[in-house]
Amino acid sequence: MELKEIFNKNYSFILVGFSDLPELHYPLLVSFYLVYVLTLIGNTVIVAVVLMNNPLHSPMYYFLCNLAFLDICYTTTTLPKLIQLHSEQDGTICFASCLLQQYFYISFAVSEYFLLAAMAYDRYVAICKPLHYSVLMSRKVCVLLAKGCWVIGFVSSSVPISFSSGFQFCRSKMINHFFCDLTALLKLACNKISDIQVVIFTESITLALLPFLFTLASYATIVHTILGIHSETGRSKAFSTCASHLTVVGLFYGTMIGVYMRPSSMYFPAHDKLFALLYTAVIPMLNPIIYTLRNTEVTDVLRKTVTVYLLRWHIGLREHISEFAIVFCHFLSKALRKNLASLQNACCRPKKDPKGFNVQ
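Residues numbered from 1 in each chain as written. Predicted model: local features only at pLDDT ≥ 70, side-chain atom pairs only at ≥ 80, totals over all residues. Heavy atoms only, no water.

**Q** Would you explain the overall build of the chain in this entry?
**A** A tally of regular secondary structure across the chain gives twelve helices and five strands. When each of the 360 residues of the chain is scored for burial, the buried share is 40%. A separation threshold of at least 6 residues defines the contact pool for the chain, and within that pool the share at least 24 residues apart is 78%. Carbon together with sulfur atoms contributes 68% to the accessible area of the chain, which is approximately 20500 Å² in total. (Helix = DSSP H or I, 4+ residues; strand = E, 2+ residues; numbered from the N terminus. Buried < 20%, exposed > 50% of the residue type's maximum accessible area, 1.4 Å probe, protein only. Contact = heavy atoms within 4.5 Å. Areas by Shrake-Rupley, 256 points an atom, 1.4 Å probe, with all protein chains shown as cover.)

Shown next, in the form of structure tokens:
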């Protein structure tokens, strides 16, 4: 279907969100605002710290910077609409906006699959092939891997979107979700959806399961190598470099598998919305915390950066206070001089008697 035809469609849907929980309306709205703001702040801080500190200009933190930026985009695709839905009590979304939201959501999700796999490969090379690390993970290789993750995500998502753009929707317009999830949207289609189901299954295998298996294989090799290290300090250090990434992988894939890789007989919209909220909002918010708490290098650099900026702010504040004090004293002295001059003129002016003669 041509782009013009898509935008000319008169379809509009109503996102249900969490409106079936009216007693939790305000707590949920505040929670959504808080999660979104914390996600933006946390991931922006990670990007800024990595870019501004030379000790963090390494492949591992280059991929971490990409992951933080990806999480910002990923969350922005869904949460602003959810906040609007609950603040304005209006979940209406047109067909074109629904497709765009669906496209970006799938693109960022697939990009994250491959980016997590690339980060696992980086840890594999660092631990299992340390002598070849500078060659296998050169700057050029890292840039190509990161670009490949983004390109695969945005190209692959166009396939299911092209199928869903041609559907006719003759059932209810209520989408029982807080964003235009493809599986929830297909339940409203009245034409045959077997073709897109095959596409979804094929892409789930190639774009989600294969990176997941690659990540598992990488960490299986990493664990085997670490267990072969005789030094307890070396084993602890090797495990600490992988712990943060392994935690993020477990959280992300665990929630994704819980939603998309289960029998249709176990489909419960309420559970799906809860799991979707976890991997679209909560996990991107937790990622900066996980990487800073479990990574001493990031923690040290972040502490130093915050300390430097606090000192600069303190010094700048003192300078501004000093400048303000000087200016204030200048105006105060000027006003005092003016008042003293007026008082002196009043005291020294000759007095006159009622007849107009000066009184000595």
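Anyway, onward from the coordinates.
**Q** Is there a simple way to think about the pattern of salt bridges in this case?
**A** It is possible for side chains bearing opposite charge to pair when their charged atoms get close. Per the stated rule, a full pass over the model turns up one salt bridge. With a shortest N-O distance of 3.0 Å, aspartate 122 and arginine 123 are connected by a salt bridge. Taken as a pair, aspartate 122 and arginine 123 share a single burial class, namely buried. (Salt bridge = Lys/Arg side-chain N within 4 Å of Asp/Glu carboxyl O.)

**Q** I'm lost on the nonpolar core in this one. Help?
**A** Soluble globular proteins tend to pack their nonpolar side chains together in the buried interior. Grouped together as the largest cluster of nonpolar side chains are 82 residues, with contacts concentrated most on Phe13, Phe169 and Ile175. Each residue touching isoleucine 175, except ones within four places of it in the same chain, is listed here: Phe13, Ile14, Leu15, Val16, Cys98, Cys180, Ala184, Leu185 and Leu188. Membership of the second largest hydrophobic core comes to seven residues, among which are Ala120, Tyr219, Ile222 and Ile226. (Core = buried A, V, L, I, M, F, W, Y, C linked by side-chain atoms within 4.5 Å.)

**Q** What am I meant to see in the sheet that holds strand 3 (residues 174–175) here?
**A** Backbone-to-backbone hydrogen bonds pair the strands of a sheet. The strands run either parallel or antiparallel. The three strands are arranged 2-1-3 in an open sheet whose pairing can be described as mixed. Among the strands making up the open sheet, the edge pair consists of strand 2 (92–94) and strand 3. One ladder, built from three bridges, connects strand 1 (residues 12–15) with strand 2; its direction is antiparallel. Of the residues in strand 2, the one forming a bridge with serine 12 is cysteine 94. Along the sheet face, helix 4 (residues 95–128) touches strand 1, strand 2 and strand 3 and points at about 85° away from the line of strand 2. (Pairing = 2+ DSSP bridges. Axes fitted to C-alpha atoms, helices over the stretch in contact; angles between N-to-C directions.)

**Q** Help me understand empty space enclosed by the protein in this model?
**A** Rolled over the atoms, a probe sized like a water molecule indicates the empty space that remains. Going through the model one piece at a time under the given rule, you end up with two cavities of 30 Å³ or more. Put simply, the largest cavity is a space of about 90 Å³. Put simply, the parts of the chain that give the lining of the largest cavity at least two residues each are helix 3 (59–88), helix 4 and helix 10 (232–260). In terms of residues, the lining of the largest cavity owes the most to one element, helix 10, which gives four residues. Residues belonging to the lining of the largest cavity are distributed by class as follows: four nonpolar, five polar and two charged. Estimated volume of the second largest cavity: approximately 30 Å³. (1 Å grid on protein atoms, 1.4 Å probe; cavity = no way out; pocket = protein on both sides within 12 Å on 5 of 7 lines; lining within 4 Å. Points joined across faces, edges and corners; volume = space filled by probe spheres on them. Nonpolar A, V, L, I, M, F, W, Y, C, P; charged D, E, K, R; others polar.)

**Q** Hey, could you run me through the confidence of the model for the chain in this one?
**A** A low pLDDT means the predicted coordinates there should not be read in detail. Averaged over every residue, the pLDDT of the chain is 79; residues scoring 70 or more account for 78%. A low-confidence stretch, residues 1–8 stays under pLDDT 50, and its non-local contacts, those more than four residues away or across chains, total eight contacts. (pLDDT = per-residue confidence, 0-100.)

**Q** Honestly, a nonpolar patch on the surface in this entry has me stumped. Any pointers?
**A** On the surface, Val37, Ile41 and Val45 cluster together into a nonpolar patch covering about 220 Å² of accessible area. With respect to the secondary-structure elements, isoleucine 41 resides in helix 2 (residues 25–52). Given the relative accessible area of 49%, isoleucine 41 is considered partly exposed. (Patch = residues over 30% accessible without salt bridge, like charges linked within 9 Å, V, L, I, M, F, W, Y side chains within 5 Å.)

**Q** Explain the packing of aromatic side chains to me, please; I cannot follow it from the model alone.
**A** The geometry of an aromatic ring pair comes down to the distance between the two centres and the angle between the two planes. Scanning the entire structure with this criterion turns up 22 aromatic pairs. Between phenylalanine 18 and phenylalanine 32, the aromatic rings sit 5.9 Å apart at their centres with planes inclined by 40°, giving tilted as the arrangement. Here phenylalanine 32 lies in helix 2 and phenylalanine 18 lies in the loop between strand 1 and helix 2, a separation of 14 residues in the sequence. In this structure phenylalanine 18 comes out as buried when scored by relative accessible area, which is 10%. Measuring from ring centre to ring centre gives 6.5 Å for tyrosine 121 and phenylalanine 214, while their planes differ by 35°; the resulting arrangement is tilted. Taken together, the residues span a long stretch of sequence, with tyrosine 121 in helix 4 and phenylalanine 214 in helix 9 (residues 194–227) at a distance of 93 residues. A relative accessible area of 25% places tyrosine 121 in the partly exposed class. Positioned above the aromatic ring of phenylalanine 18 is the side chain of lysine 273, whose terminal nitrogen or guanidinium carbon lies 5.6 Å from the ring centre. (Phe/Tyr/Trp six-rings, centres within 6.5 Å; stacked < 30°, edge-to-face > 60°. Lys NZ or Arg CZ within 6 Å of the ring centre and 35° of its normal.)

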